[in-house]
Amino acid sequence: MNVFMTQTLNGLGLGSIYALIALGYSMVYGIVKLINFAHGDIIMVGGYVVLLMMVTMGLPLWMAVIGSVLFCALAGVLIERIAYRRLLNHGAPRISLLITAIGVSIFLQNLFQLIFGSDAKSVPQMFAFPPIAIGSLQIASSTIINIVVSVLMMIGLHLLVNKSRMGKAMRATSEDAGAAMLMGINTNHTVAFTFAVGSALAAVGAVLYCNTYPQLKPVMGNLLGLKAFVAAVLGGIGSIPGAMLGGYILGVAESWTKSYISSNLTDAVVFGILIVVLLLKPTGLLGKNVKEKV
Amino acid sequence: MSKAVLKADHLGITFGGLKAVTDFNAEIGEHELVGLIGPNGAGKTTIFNLLTGVYQPTEGSVYLDGKSMAGKKPHQMVKAGIARTFQNIRLFKDMTVIENVKVAFNQHMKYSVFGGMLRLPSFWKEEDGIDGKARELLRVFNMEDLAQNTAKNLPYGQQRKLEIARALATGAKVLLLDEPAAGMNPTETMELMNAIATIRERFGISIILIEHDMSLVMKICERIIVIDYGQIIATGTPAEVANNPKVIGAYLGE
């Protein structure tokens, strides 16, 4: 029972990271119907910025974290502005956007290999306090931090989307960009803002990831991004609660597989779950059943 | 006629080789209600798209209060004071009725994203103001009780009215209504006519109306512009237009 509880909590901790990253995929998809495959690499960028600021520049941790979040938000806006906006505003087919996103991803990976080398870099200890014991149950500090931070971020995002003016503009743009524009909403700014928020969340995910698994590689965004994308699809892409739910499910499934089946099978189980869910409920767990008008 | 609020000066647009609208000249006075009619495919909605910045004209330009609107994007046109409704309803369906109205008030709000998230006093002050204004606007349309309903659950006629309310919430000086009575039953059309008359009184705005329901157009419009094949073929009072042989020809396919 203790092993089960520990593994479930570890899974939720890992799932929190997936959830934060999945939110970025889901928000961007919700607003411009683009699967932003470069999103996974933003995590990598976020990780390297933390490393650079903490180790090379010797700045305190909190500055490195804020710096990384701001840098990633800016990177997200720049990517949207340079790579996607023209395509979006000229009604380019979705496949062009998708290929552009893959191009941006390859570009980022190679750029960071060029700057930092392709070998793994280790990240110094970030946040740590002794594990908390509840009865005979030991909970690692990183697990607690991951869960608490992700829940706080999601509450913040919920308020942002549902209560703020920008959130209303985001929802209006995602429902009907043309009508939103004709109600006085600057849809370009709204889309850029969405990229900024999504990338900032990815940077937070990057910090949590580095804290949990203290290692960085320029290609780390591939699998991490893919899994977060699976989480977003699993929960129903475009849905914010869906992305969170998908992230947690994935994390817990991975953790259980590692302890009860085999750690070699984790990825197989993750993608297996995706296949099963999509077969049974193609729109994902919380996805809306959208009928496209023909 | 009083001073022109909106002026279209030799407005034209070409798609590829097709001249969709040519040499469209019109002046809409303050507080005026003008009908824009013509057979299907005559270019009425294209003119609306030109007036709202959805299309950039290839010739001529639009003036609002004497200022050229050349190169303005749709959201800038709205800020300048031109708002519209759509031929096929385009509400934000998954938002509530009041959110639909509030989203259009958006551009007047000052508080920042962080103010909104942190619930700073400036946020509450403006949000309260917006909420009150949105409710007031819904009251004009007798829709206050429906404020918390999701827009897609409203009956058709109410959705049409909500679209007009949302357009008014942008603070427009000129309101463009694209077939507001389309698909309405006679009772709903009557209600709509009253609503249009009321908002014109209360908000002191100018209205351009595209409509196929001739009885509605003839009853409420002061002036009618008739177009066919993207060109103005007649303009005048309802009675003048109704007796114009060119208009009769265009409609009956002479």
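- In the annotation of an unreviewed UniProt entry, the entry for chain B reads Amino acid/amide ABC transporter ATP-binding protein 1 (HAAT family), and the organism field reads Harryflintia acetispora.

- For chain A, an unreviewed UniProt entry supplies the name Branched-chain amino acid transport system permease protein and the organism Harryflintia acetispora.
- Note on chain A: under the UniProt heading Sequence similarities (unreviewed entry), the record states "Belongs to the binding-protein-dependent transport system permease family. LivHM subfamily."
- According to its UniProt record, chain A has this under Subcellular location (unreviewed entry): "Cell membrane".

## Thoughts on the overall build of chain B
- Each helix and strand in chain B was counted, giving 10 helices and 10 strands.
- Taking 254 residues into account, the globule formula puts the C-alpha radius of gyration at 18 Å, and chain B, at 19 Å, falls close to it.
- Viewed in the frame of its principal axes, chain B has a C-alpha envelope of about 65 × 40 × 35 Å.
- Scored against the burial criterion, the 254 residues of chain B give a buried share of 41%.
- Contacts spanning at least 24 positions in sequence make up 66% of the contacts within chain B whose residues lie at least 6 apart.

## Some thoughts on the interface of chain B and chain A
- Taken together, the contact pairs 25 residues of chain B with 20 residues of chain A.
- Of the residues belonging to the side of chain B that touches chain A, the class tally is 11 nonpolar, six polar and eight charged.

## Some details on the sheet that holds strand E4 (residues 59-64) of chain B
Residues and elements named next belong to chain B.
- The antiparallel open sheet is built from four strands, whose spatial order is E2-E1-E4-E5. Edge positions in the sheet fall to strand E2 (18-29) and strand E5 (67-68), since each has one partner strand and no second.
- Across two bridges, E4 lies against E5 in antiparallel orientation. By the bridge assignment for E5, Tyr63 is matched with Ser68.
- With respect to the sheet, helix H1 (residues 44-51) is in contact with strand E1 (4-15), E2 and E4, its orientation differing from that of E2 by roughly 65 degrees.

## Quick word on the environment of Ile273 of chain A
All names here are of chain A.
- Structurally, the position occupied by Ile273 is in helix H11 (residues 266-280).
- Taking the number of C-beta atoms within 10 Å as the measure of exposure, Ile273 has 19 and is therefore partly exposed.
- Sequence-wise, Ile273 and Leu234 are 39 residues apart; in three dimensions their C-alpha atoms are separated by 8.2 Å.
- Those residues within four positions of Ile273 in sequence are excluded, and the remaining contacts are Leu234 and Ala253.

## Thoughts on unusual backbone geometry
All names here are of chain B.
- The phi dihedral of Asn142 falls on the positive side, at around 55 degrees, and the residue is not glycine.
- Tracing the sequence through the fold places Asn142 in the loop between helix H5 (121-140) and helix H6 (156-169).
- For Tyr229, which is not glycine, the phi dihedral falls at a positive 50 degrees.
- Within the secondary structure, Tyr229 is located in the loop between strand E9 (223-228) and strand E10 (231-236).

## A short note on the UniProt feature "transmembrane region" (unreviewed entry) in chain A
All names here are of chain A.
- Those places that UniProt annotates as "transmembrane region" (unreviewed entry) correspond, in this numbering, to residues 12-32, 37-55, 61-83, 95-116, 136-161, 191-209, 229-253 and 265-284.
- In residues 95-116, the share of helix is 100% and the share of strand is 0%. The end C-alpha atoms are 32 Å apart.
- Here residues 229-253 runs as 84% helix and 0% strand, with 15 Å between its end C-alpha atoms.

## Looking at helix H3 (residues 61-89) of chain A
All names here are of chain A.
- Between its first and last C-alpha, H3 extends 40 Å over 29 residues, near the 42 Å set by a 1.5 Å rise per residue.
- The largest bend along H3 reaches roughly 50 degrees and is located at Ala83.
- Where H3 is buried, its residues contact helix H2 (39-56), helix H4 (94-116) and helix H8 (187-212).
- In the segment just after H3, Gly91 is the residue with positive phi, at about 60 degrees.

## Focus: the sheet that holds strand E3 (residues 33-37) of chain B
Residues and elements named next belong to chain B.
- Here six strands make up an open sheet; going across it, the order is E6-E7-E8-E3-E9-E10 and the pairing mixed. Since the sheet does not close on itself, it has two edges, and those belong to strand E6 (82-84) and E10, each with one partner. Ignoring which end each strand starts from, the neighbouring axes of this sheet average 20 degrees apart.
- The pairing of E6 with strand E7 (residues 174-178) spans three bridges and is parallel. Paired with Ile82 across the strands is Val174, a residue of E7.

## Things to note about the environment of Val204 of chain A
All names here are of chain A.
- Locating Val204 in the fold gives a position in helix H8.
- Note: C-alpha distance between Val204 and Gln138 (66 residues apart in sequence) is 25 Å.
- Ignoring anything within four residues of it in the chain, the contact list for Val204 reads Leu20, Val69, Val149 and Met153.

## Some remarks on the nonpolar core
- Formed by 167 residues in total, the largest nonpolar core has its most connected members in Ala22, Val50, Cys72 and Ala231 of chain A together with Leu175 of chain B.
- Looking at this core, the element that brings in the most residues is helix H1 (residues 2-32) of chain A, giving 16 residues.
- Among residues more than four places away in sequence, those in contact with Ala231 of chain A are Tyr18, Ala19, Ala22, Ala243, Gly246, Gly247 and Leu250 of chain A.

## Some points on the pairing of E2 of chain B
Residues and elements named next belong to chain B.
- With eight bridges connecting them, E1 and E2 associate as antiparallel partners. If you follow Ala8 over to E2, its bridge partner there is Ala26.
- The antiparallel pairing of E1 with E2 creates a hairpin that spans two residues between the two strands, and Gly16 there sits at a positive phi of about 60 degrees.

Parameters at a glance
- Residues numbered from 1 in each chain as written.
- Chains lettered and ligands numbered in written order.
- Predicted model: local features only at pLDDT ≥ 70, side-chain atom pairs only at ≥ 80, totals over all residues.
- UniProt positions renumbered as here; feature names shortened; annotations may be inferred.
- Helix = DSSP H or I, 4+ residues; strand = E, 2+ residues; numbered from the N terminus.
- Rg over C-alpha atoms; globule rule 2.2 N^0.38 Å.
- Buried ≥ 20, exposed ≤ 12 C-beta atoms within 10 Å, placed from the backbone.
- Contact = placed C-beta atoms within 7 Å.
- Nonpolar A, V, L, I, M, F, W, Y, C, P; charged D, E, K, R; others polar.
- Pairing = 2+ DSSP bridges.
- Axes fitted to C-alpha atoms, helices over the stretch in contact; angles between N-to-C directions.
- Expected span 1.5 Å × (residues − 1).
- Bend = angle between axes of the 7 residues up to and from the residue.
- Core = buried A, V, L, I, M, F, W, Y, C linked by C-beta atoms within 7 Å.

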